[in-house]
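Now for the letters of each chain:
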Amino acid sequence: LEFRRVLFRSLNGKAATIYGTFQDVTDRRQAEDERKAREQQLQMALRGGNLGLWDWNFASGRLSVNEFWLKMIGLDPDGPPPTIGIWGALVRPDDYATIDRIVEQVIINPAGRDFEAEVRAGHSDGHFVWILDKGAVVERAFDGPPAARGGNAPRHHGSPPGRSLASTGAARAA
């Protein structure tokens, strides 16, 4: 139960009248508990799968990421929030064509929805890490442009399956 009250004072400042209401908030509390449980499950799945989660609001340019996303490329979780510009600058130039293909086929194309791509991103320590980036346009504006995209990016350890760093050109030149 939730109790709300209003105290009315007389002209001399003494309490004169109190009005109150009681409200059954069981449904709201249950919904809040269920939301917290789902959030906990999501966090356990992300941690267990070593998944970096990202959400990009295309209209505002706002990029939201979780702590693992930041750590896999060596960014400080307590530092300034990343932007799409920062992400673009971290992508290895050899992988720009992959990003351009995603933009063309999924972002710009009104029928585009899901994507999966392997790209290399510069780590703050100076090496590149392979990232398997999976995502989707989750909302489009009325006239077709994406309003938001979301996805996850598990980090590959070493090179993608079936390939070596040397065969993909991912070894950083000294």
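Each chain carries its own residue numbering, running from 1 in the written order of its sequence. Only residues with pLDDT of at least 70 get local features here, since the model is predicted, and only at 80 or more are side-chain atom pairs given and counted; chain-wide, interface and lining totals rely on the full set of residues. Side-chain metrics rest on all non-hydrogen atoms present in the structure, leaving aside hydrogens and water.

**Student:** Please set out a nonpolar patch on the surface residue by residue, giving values where relevant.
**Tutor:** Taken together, the side chains of L1, F3 and F22 define a hydrophobic patch exposed on the protein surface, amounting to about 390 Å² of accessible area. Assessed through its relative accessible area of 36%, F3 is described here as partly exposed. Patches in this entry comprise residues that are over 30% relatively accessible and not in a salt bridge; like charges within 9 Å are linked, as are nonpolar side chains (Val, Leu, Ile, Met, Phe, Trp, Tyr) within 5 Å. Only the protein chains shown count as cover for residues, and all accessible areas are computed by the Shrake-Rupley method using a 1.4 Å probe. Salt bridge, as used here, is a side-chain nitrogen of Lys or Arg placed within 4 Å of a carboxyl oxygen of Asp or Glu. Here the term buried applies to any residue with accessible area under 20% of the maximum for its type, exposed to any over 50%, and partly exposed to those in between, with areas from a 1.4 Å probe on protein chains only.

**Student:** Requested: an account of the confidence of the model for the protein, with residues and values cited.
**Tutor:** As a per-residue measure, pLDDT reflects the predictor's confidence and takes values from 0 up to 100. A residue-level look at the protein finds 82% of positions with pLDDT of 70 or above and a mean pLDDT of 80. Put simply, DSSP marks the helices as runs of H or I at least four residues long and the strands as runs of E at least two long, and each gets a number from the N terminus on. Summarising per-element confidence for the protein, the mean pLDDT is lowest in helix α5 (residues 165–168) (39) and highest in strand β5 (residues 114–122) (90). Segment residues 161–174: pLDDT under 50, and 23 contacts once partners within four positions in sequence are set aside and those in other chains are kept. Throughout, a residue-residue contact means that at least one pair of heavy atoms, one from each residue, lies within 4.5 Å.

**Student:** How would you explain the packing of aromatic side chains if you had to name every residue and give the values?
**Tutor:** Note on aromatic pairs: each is described by the distance of the centres and the angle between the planes. Note on ring pairs: Phe, Tyr and Trp rings are taken, using the six-membered ring of Trp, and paired if centres are within 6.5 Å. Classes follow the plane angle, with under 30 degrees stacked, over 60 edge-to-face and the rest tilted. Counted under the stated rule, the structure contains three aromatic pairs. Lysine and arginine charges are scored as sitting over a ring when NZ or CZ, respectively, is within 6 Å of the ring centre and within 35 degrees of the ring normal. The side chain of R92 reaches across the aromatic face of F128, ending 5.0 Å from its centre.

**Student:** Break down the pairing of β5 for me, citing the residues and quoting the values.
**Tutor:** When DSSP finds two or more bridges between two strands, those strands count as paired. Where β5 and strand β6 (residues 128–140) come together, nine bridges link them in antiparallel fashion. Paired with G122 across the two strands is F128, which belongs to β6. Counting the residues that bridge the hairpin from β5 to β6 gives five residues, and of these G126 lies at a positive phi of roughly 105 degrees.

**Student:** Would you mind going over the pattern of salt bridges in detail, with residue names and values included?
**Tutor:** Inspection of every chain in the model, using the stated rule, returns six salt bridges. Between K36 and E32 there is a salt bridge whose closest N-O contact spans 3.4 Å. Within this pair, K36 and its partner E32 are both found in helix α1 (residues 26–48), separated by four residues, close to a single helical turn. Residue classification places E32 among the partly exposed residues on the basis of a relative accessible area of 32%. Connected through shared salt-bridge partners, E2, R4 and R28 make up one network.

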